[in-house]
Amino acid sequence: MSGSSPATRLQQLFEGRRLTPTQRRIAHSMVRRAGDVPFLSSVELAELAGVSQPSVTRFAVALGFDGYPALRKHLREVAPTESVAGDGAGDDAYNEYQQAVLGEIENLRHLAELLADPGPVERAGRLLAASRPLPVLGLRAASSQARGFGYFAAKVHPDVRVLDEGGSMLRDRIDAARRAGASALICFALPRHPREVVDALAYTQGQGMTVVSVADSAFAPVAKHSDLLIPAAVGTGLAFDTACAPMLLGRVLLEAMCDDLPDAQARLEEFDARAAVRGLFVE
């Protein structure tokens, strides 16, 4: 474990824990600031997560430590030998736009480390390829993720149904997909998490379908109703969150799905041929 990144070590520390929503919020904040956490006081961590200081103490106890000082001591012991303060040296030399980009680069590094074990992505690819039709859910901030995934998935999958609008019709559309034979649904879930998405996933599972989720954290609200959740952090350095890592993870899942669709390449070649005849693209 010593060779892994701070964020990966924290994820491993939290795995298998039954955490309350407040505790998941603390855990999420710690992962996002993994390099700094071993050097934060309980008050500073509480401010970072937007919770009370006693909540941080209860969180440490829930992880099996006597209190927050014991948790921080553990984190310092497993931290890399180089100073975290040194890692952040020079941040002042970058403006806020550059820092936002650098933050996204770090999110992509974390995603690359996660993908060192391709098992979850390969399993997701099999589930998505086998579902006919394939519902793709994403509301509000995640709607563009769902539409982008659905656009490319439709080129290789015979029946993709994008669910990017909420309201009373959402369950009807899930029901229609299930009646047509859908066995799995993929959900893109990003902050702030709409309650309607959590309710829709609970309903989907209740209908016997498997839920695959791409979320900003393993502790996101959708985790409770996801059979397989693969996290990809969002950037928070700008007024609106940035989602480069979730978008890239969506493309990775598309690749895994193609691997389990034997006619995927033929479909792509057929599309290219038709596009050329129709003169769709200028290049």
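Below or above, wherever it landed, is the structure these notes cover. (Residues numbered from 1 in each chain as written. Predicted model: local features only at pLDDT ≥ 70, side-chain atom pairs only at ≥ 80, totals over all residues. Heavy atoms only, no water.)

1. Digging into the packing of helix H1 (residues 6-14) against helix H5 (residues 68-78)
The condition is simple: To obtain each axis, a line is fitted to C-alpha atoms, and for helices this fit is confined to the stretch in contact; angles are then taken between N-to-C directions over 0 to 180 degrees. The helix count covers DSSP runs of H or I at least four residues long, the strand count covers runs of E at least two residues long, and both are numbered beginning at the N terminus. Under this scheme an angle from 65 to 115 degrees is roughly perpendicular, one under 35 degrees roughly parallel, and one over 145 degrees roughly antiparallel; angles in between are oblique. Take the far helix as the reference: if the near one is turned anticlockwise from it by less than a right angle, the crossing is left-handed, and if turned clockwise, right-handed. Here a residue-residue contact requires only that any non-hydrogen atoms of the pair lie within 4.5 Å. Polar here means any residue other than Ala, Val, Leu, Ile, Met, Phe, Trp, Tyr, Cys and Pro, which are nonpolar, and Asp, Glu, Lys and Arg, which are charged; Gly is therefore polar.
Taken N-terminus to C-terminus, the directions of H1 and H5 make an angle of 135 degrees; their axes are 11 Å apart at the nearest point. One element, H1, and the other, H5, form an angle in the oblique class. Judged by the sense of rotation from one axis to the other, the crossing of H1 with H5 is right-handed. Between H1, through Arg 9, Leu 10 and Leu 13, and H5, the contact on the second element is made entirely by Leu 71, His 74, Leu 75 and Val 78. Of the residues in the contact of H1 with H5, the class split is 5 nonpolar, 1 polar and 1 charged.

2. Observations concerning the sheet that holds strand S3 (residues 184-189)
Quick note on the threshold: A pair of strands is treated as paired once DSSP finds two or more bridges between them.
Taken together, the 5 strands give an open sheet; going across it, the order is S2-S1-S3-S4-S5, and neighbouring strands pair in parallel fashion. Lying at the two open borders of the sheet, with one neighbouring strand each, are strand S2 (160-163) and strand S5 (228-231). Going across the sheet, the axis of each strand differs from the next one's by a mean of 15 degrees, ignoring polarity. Strand direction decides the pairing type here: strand S1 (residues 134-137) and S2, joined by 4 bridges, are parallel. Within the sheet, the bridge partner assigned to Leu 137 lies in S2 and is Leu 163. Sheet strands touched by helix H9 (residues 143-153): S1, S2 and S3. Its angle to S2, the strand with the most contacts, is close to 170 degrees. Sitting on the sheet, helix H10 (residues 169-179) is in contact with S1 and S2, with an inclination near 165 degrees to S2.

3. What about the packing of aromatic side chains?
What describes a pair of aromatic rings is the distance from one ring centre to the other and the angle between the planes of the rings. We apply this condition: Only Phe, Tyr and Trp rings are paired, with Trp represented by its six-membered ring, and only when their centres lie within 6.5 Å; those with planes under 30 degrees apart are stacked, over 60 edge-to-face, the remainder tilted. Burial classes: relative accessible area under 20% of the type maximum marks a residue as buried, over 50% as exposed, and values in between as partly exposed (1.4 Å probe, protein chains only).
Going through the model one piece at a time under the given rule, you end up with 5 aromatic pairs. Ring plane angle 80 degrees and centroid distance 4.9 Å describe the contact between Tyr 151 and Phe 152, whose orientation is recorded as edge-to-face. The class for Tyr 151 is partly exposed, based on a relative accessible area of 47%. Given the relative accessible area of 36%, Phe 152 is considered partly exposed. The structure contains a cluster of three or more aromatic residues connected by ring pairs, namely Phe 14, Phe 59 and Phe 219.

4. A closer look at a negative patch on the surface
For clarity, the threshold we go by: Without a salt bridge and with relative accessible area above 30%, a residue can belong to a patch; like charges are then joined within 9 Å and nonpolar side chains (Val, Leu, Ile, Met, Phe, Trp, Tyr) within 5 Å. Shrake-Rupley sampling with a 1.4 Å probe provides the accessible areas, and residues are treated as covered by the protein chains on show and by no other component. Salt-bridge detection follows one rule: a side-chain nitrogen of Lys or Arg within 4 Å of a carboxyl oxygen of Asp or Glu. Think of it this way: Lys and Arg go in the positive column, Asp and Glu in the negative one, and His and the chain ends go nowhere. For the purpose of locating charges, the reference atoms are NZ of Lys, CZ of Arg, CG of Asp and CD of Glu.
On the surface, a cluster of negative charge is made up of Asp 117, Glu 122, Glu 255, Asp 259 and Asp 260. Locating Asp 117 in the fold gives a position in the loop between helix H7 (96-114) and helix H8 (119-130). Overall, Asp 117 belongs to the partly exposed group, its relative accessible area being 48%.

5. Remarks on the nonpolar core
Condition: We call a set of buried residues a nonpolar core when its members are Ala, Val, Leu, Ile, Met, Phe, Trp, Tyr or Cys and they connect through side-chain atoms within 4.5 Å of each other.
In this structure, Val 136, Phe 149, Ile 186, Phe 188, Leu 249, Leu 253 and Met 257 are the most contacted members of the largest nonpolar core, which totals 31 residues. In terms of residues, this core owes the most to one element, helix H12 (residues 244-259), which gives 6 residues. Among residues more than four places away in sequence, those in contact with Leu 253 are Val 121, Ala 124, Phe 149, Ile 186, Val 214 and Ile 230. Membership of the second largest hydrophobic core comes to 25 residues, among which are Leu 19, Ala 27, Leu 45 and Ala 46.

Honestly, that's just the spatial picture; any functional story needs more than this.
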